[in-house]
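Here are the chains, one letter per residue:
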Amino acid sequence: MKIILMRHGQAEDYTHPDSARQLTEFGHSQAAQTADYVMQHYCLDHFVVSPYDRAQQTLSELQARAAEVFAKKIPATVQDNITPADDANAALIELGHVEAQCLVVVCHMSIVANLASLLTGTSPEAFSLAEARVFEMEFVMSGMAKEIDRFVPKQP
């Protein structure tokens, strides 16, 4: 199976609450670039997304392109424990229950870096805005994945 971990695109400056921050126009462009790349190279069958607005807006870019490419709606699940300060171990356990051959997870720094670290058994490495990294594994478990691809959209 494959898990594609993706960070949301550029968001507005910090507001309270953090969950309400919106993507900037450039953030939408970044998300669209990554969505185009992912759709050209992978056959997706499920999305998992953070409940925060900027992650939801990033998912919308993916869903719009998926509808064009696959001519069907790909199921999406909101996972409440993939927000910026959540525990990556708990999040990974929950992701392991999603039945998919190619799963896209849209979330935030620093949890996205910590999830990648758990999957590969390596040190966390920061993700750029709207960056996607692809991991391949037999099943979801710490240290069982190998990173096989990554895409970083043009940055400001």
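Residues numbered from 1 in each chain as written. Predicted model: local features only at pLDDT ≥ 70, side-chain atom pairs only at ≥ 80, totals over all residues. Heavy atoms only, no water.

Draft legend 1. Structural detail: the packing of helix H1 (residues 25-41) against helix H2 (residues 53-70). Axis separation between H1 and H2 bottoms out at 9 Å; the angle between their running directions is 35°. For the element pair H1 and H2, the recorded crossing hand is right-handed. Where H1 approaches H2, its residues His-28, Ala-31, Ala-32, Ala-35, Asp-36 and Met-39 are matched on the opposing element by Gln-57, Thr-58, Glu-61, Leu-62, Arg-65, Ala-66, Val-69 and Phe-70. (Axes fitted to C-alpha atoms, helices over the stretch in contact; angles between N-to-C directions. Helix = DSSP H or I, 4+ residues; strand = E, 2+ residues; numbered from the N terminus. Left-handed = near helix turned anticlockwise from the far one by under 90°. Contact = heavy atoms within 4.5 Å.)

Draft legend 2. Seen up close, the sheet that holds strand E3 (residues 76-78). Strand order in this open sheet of six strands is E3-E2-E4-E1-E5-E6, and the pairing throughout is mixed. In the strand order of this sheet, the two ends are held by E3 and strand E6 (146-151), each with one partner. The sheet shows a mean angle of 20° between the axes of neighbouring strands, direction not considered. Bridge count for strand E5 (residues 132-136) against E6 is five bridges, and the pairing is antiparallel. The residue of E6 that forms the bridge with Ala-132 is Phe-151. Running over the sheet, H1 touches strand E1 (2-7), strand E2 (46-49), E5 and E6 and is turned about 130° from E6. Against the sheet, helix H4 (residues 111-120) makes contact with E1, strand E4 (102-107), E5 and E6, and its axis sits at roughly 155° relative to E1, the strand it touches most. (Pairing = 2+ DSSP bridges.)

Interpretation note: all reported values are geometric properties and have no functional meaning in isolation.
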